[in-house]
Amino acid sequence: MSDTAPQKSPDHVEEDQITEEERVEAATLTKLKPRMVYEIIRQEGRAEISRPQASIWWSGIAAGICISMSLAMEAMLRTGLPETDWRPLIENFGYSAGFLIVMLGRMQLFTENTVTAVLPTLADPCRKTILGTARLWSTVFVANMVGTLFAAAFIAYGGTLEPDVKKAAVEIGAHVAEWGALETFLKAIPAGFLVAALVWMRPGSEGNEFWVILFFTYLIALGDFAHVVVGSAELFLVGLEGEAGFAKLIFVNLLPALFGNILGGAGLFAMLAWGQVHEEIEDAD
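Let me begin by describing the structure that accompanies this report. (Residues numbered from 1 in each chain as written. Predicted model: local features only at pLDDT ≥ 70, side-chain atom pairs only at ≥ 80, totals over all residues. Heavy atoms only, no water.)

**Structural notes on the packing of aromatic side chains**
Short version of the rule: Pairing of aromatic rings covers Phe, Tyr and the six-membered ring of Trp, with a centre-to-centre limit of 6.5 Å; geometry is then stacked below 30 degrees between planes, edge-to-face above 60, and tilted otherwise. Put simply, DSSP H or I for four residues or longer makes a helix, DSSP E for two residues or longer makes a strand, and each gets a number counted from the N terminus. Each residue is placed in one exposure class: buried if its accessible area under a 1.4 Å probe, protein chains only, is under 20% of its type's maximum, exposed if it is over 50%, and partly exposed if it falls in between.
Under the counting rule described, the total for this entry stands at seven aromatic pairs. Measuring from ring centre to ring centre gives 5.8 Å for Phe-110 and Trp-137, while their planes differ by 70 degrees; the resulting arrangement is edge-to-face. Separated by 27 residues along the polypeptide, Phe-110 in helix H7 (residues 110-116) and Trp-137 in helix H9 (residues 127-157) bring together distant segments of the chain. For Trp-137, a relative accessible area of 18% gives the class buried. Here Phe-110 and Phe-141 contribute two aromatic rings whose centre-to-centre distance is 5.4 Å and whose plane-to-plane angle is 65 degrees, an arrangement assigned as edge-to-face.

**Overview of the environment of Gly-239**
The test is simple: Residue contacts follow a heavy-atom distance rule, with two residues in contact if any of their heavy atoms lie within 4.5 Å.
Residue placement: Gly-239 occurs in helix H13 (residues 228-240). Assessed through its relative accessible area of 10%, Gly-239 is described here as buried. Taking the C-alpha atoms as reference points, Gly-239 and Ala-152, 87 residues apart in sequence, are found 9.4 Å from one another. Excluding residues within four positions of it along the chain, Gly-239 makes contact with Ala-244, Phe-246 and Leu-249.

**Comments concerning unusual backbone geometry**
The phi dihedral of Arg-106 is positive, around 60 degrees, even though this residue is not glycine. Within the secondary structure, Arg-106 is located in the loop between helix H6 (96-104) and H7. In the Ramachandran plot, Asp-224 falls in the positive-phi region, its phi being about 60 degrees despite a non-glycine side chain. Residue classification places Asp-224 among the partly exposed positions, given a relative accessible area of 28%.

So, in structure tokens, the structure goes:
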């Protein structure tokens with residue numbers, strides 16, 4: 001009779017390496033992950049709604065100024081690259097510059113708040129949350145527009161950018177100004193959705209925020225989608241340079257982009273996010 005002990009199968013060895021406590025923890029984390037993400041964003045939204053209006057206002061202006069770096073860097077890359085079929089693949093990375101500054105700097109960007117403020121309202125649709133969301137949206141949007149108008153005026157009259165770079169920035173804005181109202185609205189829906197998806201992914205991307213922001217905003221640029229805040233800097237520059245009238249730029253381009261971003265971000269994405277977790281939250285309650 002052999003004294004050799006029976007050998008465990010590879011599967012059994014691997015199974016023994018995980019304790020029962022670890023199994024329970026892994027199952028819990030896997031099950032609660034969407035709820036945890038939702039709760040993080042909901043709490044961020046509640047905190048944003050409760051912030052002093054002056055803080056929101058100045059942060060929104062700073063965001064409008066900083067996000068205009070998307071237009072400036074895209075123009076710089078266009079000027080520095082040869083006019084080839086692959087140029088847009090590199091040039092569009094410049095679009096991410098402003099978003100990286102604004103989002104990593106935790107400034108108030110309108111399309112980002114379309115999710116963080118809507119989720120608390122969906123969870124508790126009372127007068128306080130509805131009015132708080134309306135106050136937040138209106139303050140951030142107007143502040144962003146003030147910031148992008150200031151940045152566009154600086155590009156137009158400041159003399160900081162090289163003439164070729166300024167010309168490229170106007171060309172980029174003129175391309176956006178060529179769209180009709182319906183085309184702008186439809187192009188704005190996926191942009192709003194993608195920014196909202198970015199917001200949803202950020203809680204789980206700690207340490208990799210740079211790459212997540214870069215990926216989603218590059219996708220917006222590559223798809224030639226319409227983002228209302230970046231687009232406002234482009235459109236204001238076109239108006240200040242006399243390439244088109246401000247009435248046309250606002251009513252045909254800016255406002256349709258606003259409504260499309262709201263539908264894509266606050267409408268489609270927030271409802272989908274809420275649909276993932278609302279039954280679990282109700283069961284937990």
